[in-house]
Amino acid sequence: MSPETTAPRSLAEALRARDDASLTALLRSRPDLITPVPTDLTQLATRAGTRASVVRALERLDRFALQTAEALAVAPEPAAYGELLGLLAGDDADPAVTAAFPHALGTLREQALVWGPDDRLRLVRTARELLAPSPQHPSPTGLGPTVAEATTGMSPGRIQEIVAAAGLATTHDAVSAVASLSGLFADRRRMSALLDEAPAEAVEVLSRLVWGPPYGQVTAEPAAHLRWLIARGLLLPTAPGTVVLPREVALHLRAGRAHRVTEPVAPAVEAATTHRPQVVDAAAAGQAYTTLATVEELLKDWHEGGPPVLRAGGLSVRDLKRTAVALDVSEPVAAFWVELAHAAGLVASDGEADERYAATPAYDEWLELPAAERWARLASAWLAATRTAGLVGGRDAKDRTLSALGPNLDRSAAPEVRHRVLALLGTLPEGSSPDPDSLLARLYWERPPRGARTPADDLRTRLARWTLSEAELLGVTGRGALSAQGRALVGLPPSAAAPEAEGSGPGAKLPAHKRRHPADRAAAGAVPRSPAEQAAAAERAARLVAPLLPEPLDHVLLQADLTAVAPGPLQRPLADTLGVLADVESKGGATVYRFTPGSVRRALDAGRSASDLHAFLAAHSRTPVPQPLAYLIDDVARRHGHLRIGAASAYVRCDDDAMLSEILADKRSQGFRLRRLAPTVLAAQADPAALLEGLRSMGFAPAAESAEGDVLITRAHAHRTPPRTAPEPVPDGPPVPDATLLGAAVRAIRAGDLASTAPRKDDPAGDGPATGELPRTSSAETLATMQAAVLTGEALWIGYVNAEGSASQRVIAPIRVEGGFVTAYDHTADEVRTYPLHRVTGVAELDDQP
């Protein structure tokens, strides 16, 4: 039997010849094909050829696989294996291309973009339309139309003139003349001889067009060297004043190559600097501690309610600047911290009428976790988030500014790029930081932007740059190198360098589903994983970073200059109390707090007494309490509450009438319009809060009191949002199906295909039913055939319409027929089901022979 008779006639037939493992690999690599599950292989093939699905598949090819598809788009259809290889390897048969070609072709076949045997390779029609050259959409190869395409519509007489000028014998028809001319241009020896006769200026013209674009302009009276080219068909007219270089001529001048530069091998990621792994891990852990401190400081700044929400959503530019000043970072970095807290579910809008941002209840739960677990939760949220802080400050499609926490910051490719960047860092020796240019070149090779010829500043490139800087800020990397905790977080094995996946090098022929080790999926760019796998990875990362984080301290060092030095992170109760009693003067490895009259008064306002403060400092200081600090506390406490302010509009009362006289005499109090009501009471035309702050600014230490005369204790009011969930990542297309779903889908497709193609006894041709055609029999005939099948155990082909009116074809083996129902084993669903007989459109017996 000849190859022509055994070769599949369509993509559906090619898919029908695949085994289950190959179909599973197809559905895994192109998950859009499984949503919803196709009813049979014909529908699967139709869906695989739709424009949206093909575009998505092409966008996920690596550089060489895409070049292979582009070469097949300009090859004759169908093309032989050797012809396609020649377009990529050239006349000199580049050994690197020859070695990598089987794997690239296998990838295209696996993803159902190419089908047919090696001697009759075909590109899916939609992919050919997208990649083949046309005047409106030039081919990425830079090639133009073939001689046959360029001469379409040309008069037969003109074609015979070109054939004669090229030194060929004229023919009786245009078709054979075009074939003769194409044969000349494709023959290396004869074509070289023809070009040896060309004027030097003509060769120069051809060299300018050879790598594209292949179109050029000519005048109504072209020069002699142009007339020489046009007369022999080396340039063919396509429109008045426009000529094109035929594809066969360009391929001869290119030595058979479809691409100027063929890239069969992925560029290596090069190391820029190398550090000891212990130094990298320690540096990353130090930055992880800074991450926790920064997020806590951000939420402490928003403790009583953060900035308002813009009408269009997000933070205003002014509020972002204020947050950056409070955190002592740049605005882009402040936007990253804000978005990180939001992605982790720690910050959200409160939903009130005067909507503001605030901490969520999850923040209080997060604070109670160990430091390593808190960091792992932040890092995991960053790794999976589609919100992209690097876009803040840019413009959207409507030229509106993109704001932090605002809409339109989701980029579905972000998680995949982050995983891939970190996975590539994991391929370097431990402690090595990458050369950014080599890393970006590798990412471009793995997923080249459509239409781009060089690693341009596209979205994926920007995402990769942001990933490098954000990973360093977060402590996933240290000194630019991937840390041990970062390796665990992304799911890489803990070896010094991730080994190359088996079969991933040049010349590999194994399909992808057999090629990659499970632990290397992240290194291959696939975004892991199930929630359980993500939680396990975060737990491993937390275990690795925990010993490297500094232990919280229970003491400070008090100094005589009214400062306290915290030589490391403080335990939470100590840090909270000290934050009320003193002001932070400087941060870093050691935090410096300064005691001032205002900070001591703040502690007294919060309900602490002087004796409480003395006892607190004595208990938590490794040095004696300096005398100046003790005097400061006693002096502020002695004056604290001596004056009492309440509501009249407001009043001031004091047992010392001399002090009230001093206040009345002070010019700074004139704005309060004070007057004496009694020797110990002054009335004011100002609200109590303004009077309280005003007298404090004058150097007094008043205390507010309630209507009952009790001193009011002022503590910071913690504002929290209602329970909020973290923002859901925006999926980049359908999710990758798990093994269970893939297995069930393959079984359903196989069974549906069996139902639609199984030969029937009443089908003499044995071709099976037409696609979509349901069997039609009378109710009596249907019942009789079902009952007979119960006795014989034969399988039947039925048409069935469900309650929603959807029609389908099924292959069943009836078990019992009674009460208007048939119970049967459904080969399509791979289970026993019961069907109402009135919904069966008809029945047919299957042929005994396969």
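Owing to the predicted nature of the structure, the values given are computational and were not obtained by experimental measurement. (Residues numbered from 1 in each chain as written. Predicted model: local features only at pLDDT ≥ 70, side-chain atom pairs only at ≥ 80, totals over all residues. Heavy atoms only, no water.)

A. Focus on the overall build of the protein chain. When helices and strands are counted, the protein chain shows 35 helices and 25 strands. Looking at the protein chain alone, contacts between residues at least 24 apart form 66% of all its contacts between residues at least 6 apart. For the protein chain, the computed accessible surface area is about 39700 Å², with 54% contributed by carbon and sulfur atoms. (Helix = DSSP H or I, 4+ residues; strand = E, 2+ residues; numbered from the N terminus. Contact = heavy atoms within 4.5 Å. Areas by Shrake-Rupley, 256 points an atom, 1.4 Å probe, with all protein chains shown as cover.)

B. A look at the sheet that holds strand β13 (residues 563-566). In space, the four strands of this open sheet follow the order β12-β13-β15-β14, with antiparallel pairing throughout. For this open sheet the edge positions go to β12 (557-559) and β14 (583-586), each flanked by a neighbour on one side alone. Put simply, the sheet's adjacent strands are angled 30° from each other on average, direction ignored. Here β14 runs beside strand β15 (residues 591-594); their pairing, made up of three bridges, is antiparallel. Paired with V584 across the two strands is Y593, which belongs to β15. (Pairing = 2+ DSSP bridges. Axes fitted to C-alpha atoms, helices over the stretch in contact; angles between N-to-C directions.)

C. Here's a closer look at the environment of L61. By secondary structure assignment, the location of L61 is in the loop between α5 (51-59) and α6 (63-74). Measuring from C-alpha to C-alpha, the distance between L61 and P448 comes to 7.9 Å, with 387 residues separating the pair along the chain. Each residue touching L61, except ones within four places of it in the same chain, is listed here: L66, T107, L108, Q111, L113, E446, R447 and P448.

D. Structural context of the pattern of salt bridges. By the definition in use, this model includes 30 salt bridges. As a salt-bridge pair, R188 and D91 come within 2.7 Å of each other at their nearest N and O atoms. With R188 in helix α13 (residues 188-196) and D91 in the loop between α7 (81-89) and α8 (95-110), this pair connects stretches of sequence that are 97 residues apart. What makes R188 partly exposed here is its relative accessible area of 30%. We classify D91 as partly exposed; its relative accessible area is 46%. We note a salt bridge from R420 to E446, for which the minimum N-O separation is 2.4 Å. Of this pair, R420 sits in helix α22 (residues 414-426) while E446 sits in helix α23 (residues 436-446), and the two are 26 residues apart along the sequence. Just as R420 is buried, E446 falls in that class too. Connected through shared salt-bridge partners, D92, D94 and R257 make up one network. (Salt bridge = Lys/Arg side-chain N within 4 Å of Asp/Glu carboxyl O. Buried < 20%, exposed > 50% of the residue type's maximum accessible area, 1.4 Å probe, protein only.)

E. A look at the packing of aromatic side chains. According to the stated counting rule, one finds five aromatic pairs in the structure shown. A centroid spacing of 4.9 Å and a plane angle of 75° characterise the contact between Y81 and F101, whose relative ring orientation is edge-to-face. Within this pair, whereas Y81 is found in helix α7, its partner F101 is found in helix α8, the two being separated by 20 residues in sequence. Exposure remark for Y81: the relative accessible area of 27% places this residue in the partly exposed category. Above the plane of the ring of W366 lies R374, whose end atom (NZ or CZ) is 5.3 Å from the centre. (Phe/Tyr/Trp six-rings, centres within 6.5 Å; stacked < 30°, edge-to-face > 60°. Lys NZ or Arg CZ within 6 Å of the ring centre and 35° of its normal.)

F. Representation of the nonpolar core in the model. Within the largest apolar cluster, 91 residues are counted, with the highest numbers of intra-cluster contacts made by L27, L44, F185, L234 and L235. The element contributing the most residues to this core is α6, with eight residues. Not counting the four nearest positions on each side in its chain, L234 is found in contact with F185, M191, L194, L195, L206, W228, L229, V244, L245, P246 and V249. Grouped together as the second largest cluster of nonpolar side chains are 73 residues, F336, A376, L424 and V490 included. (Core = buried A, V, L, I, M, F, W, Y, C linked by side-chain atoms within 4.5 Å.)

G. Layout of the side chain of E70. With respect to the element layout, E70 can be found in helix α6. For the buried E70, which has no salt bridge, the nearest side chain bearing the opposite charge is R63, at an N-O separation of 4.3 Å. Within the structure, the side chain of E70 is placed 2.7 Å from the side chain of H259, a separation counted as a polar contact. If near-sequence neighbours (up to four positions away) are discounted, E70 is found in contact with R63, L131, P140, T141 and H259. (Lys, Arg positive; Asp, Glu negative; His and termini not counted. Polar contact = N/O pair within 3.5 Å; in protein donor to acceptor, adjacent residues only side chain to side chain.)

H. Structural detail: the packing of helix α12 (residues 174-186) against α13. Relative orientation of the contacting elements α12 and α13 amounts to 85°, with a least axis distance of 5 Å. It follows from the interaxial angle that α12 and α13 lie roughly perpendicular. Along the contact surface, α12 presents G183, L184, F185 and A186, while α13 presents R188, R190, M191 and L194. Taken together, the residues that form the contact of α12 with α13 break down as five nonpolar, one polar and two charged. (Parallel < 35°, antiparallel > 145°, perpendicular 65-115°, else oblique. Nonpolar A, V, L, I, M, F, W, Y, C, P; charged D, E, K, R; others polar.)

I. Inspection of the sheet that holds strand β3 (residues 215-217) at higher detail. Pairing in this open sheet of three strands is antiparallel, and the strands run β3-β5-β4 from one edge to the other. Looking along the sheet, the strands with just one partner apiece sit at the ends: β3 and β4 (236-239). Each adjacent strand pair in this sheet contributes to an overall mean axis angle of 40°, direction not counted.

J. Main features of the pairing of strand β19 (residues 681-684). Looking at chain direction, strand β17 (residues 650-653) and β19 are connected through four bridges and run antiparallel. From the neighbouring strand, V652 faces β19, where its bridge partner is L682. Sheet analysis places strand β18 (residues 675-678) next to β19, joined by three bridges and oriented antiparallel. Bridge pairing links R676 to L682 in β19. Hairpin connection from β18 to β19: two residues lie between these consecutive antiparallel strands.

K. Structural detail: the side chain of R442. Checked against the element boundaries, R442 lands in helix α23. The exposure class of R442 is buried, given its relative accessible area of 16%. Every residue in contact with R442, bar those within four places of it in the chain, is listed here: A266, P267, A268, V269, R420 and L424.

L. Spotlight on helix α11 (residues 156-165). For α11, the complete set of buried residues consists of I159, Q160, I162 and V163. Each buried residue of α11 lies within a common arc of 160° when the element is viewed along its axis, so the set occupies one face. Among the structural elements, α12, α15 (224-231) and β4 are those in contact with the buried residues of α11. (Arc of directions from axis to C-beta.)

M. Structural detail: the packing of α11 against α12. Running from N to C, α11 and α12 point in directions that differ by 30°, and their axes come no closer than 10 Å. Regarding the angle of α11 to α12, the classification is roughly parallel. When the axes of α11 and α12 are compared, the crossing they make is left-handed. Here α11 contributes P156, I159, Q160, I162 and V163 to the contact with α12, which in turn contributes A174, A177, V178 and L181. Among the residues making up the contact of α11 with α12, the classes are represented as eight nonpolar, one polar and no charged. (Left-handed = near helix turned anticlockwise from the far one by under 90°.)

N. Structural context of helix α14 (residues 200-209). Among all positions in α14, only A202, V205, L206 and L209 are buried. Along the long axis of α14, the arc covered by the buried residues comes to 95°, so they all point the same way. Among the exposed residues of α14, those oriented more than 90 degrees off its buried face are A200 and R208.

O. Spatial organisation of the confidence of the model for the protein chain. With 89% of its residues at a pLDDT of 70 or more, the protein chain shows a mean pLDDT of 84. pLDDT under 50 marks residues 496-526. Its contacts with residues more than four places away, or in other chains, come to 57 contacts. (pLDDT = per-residue confidence, 0-100.)

P. Region of the structure containing unusual backbone geometry. Along the chain, E77 connects to P78 via a cis peptide bond; the corresponding omega equals -10°. Tracing the backbone through its elements, the reader meets P78 in the loop between α6 and α7. A positive phi angle is found at D399, which is not glycine, with a value near 65°. Structurally, D399 is set in the loop between α21 (371-384) and α22. D399 sits in the exposed class, given a relative accessible area of 51%. With a phi close to 65°, L562 is a non-glycine residue in the positive phi region. Looking at where L562 falls in the secondary structure, it is placed in the loop between β12 and β13. Relative accessible area serves as the criterion here: at 23%, L562 is assigned to the partly exposed category.

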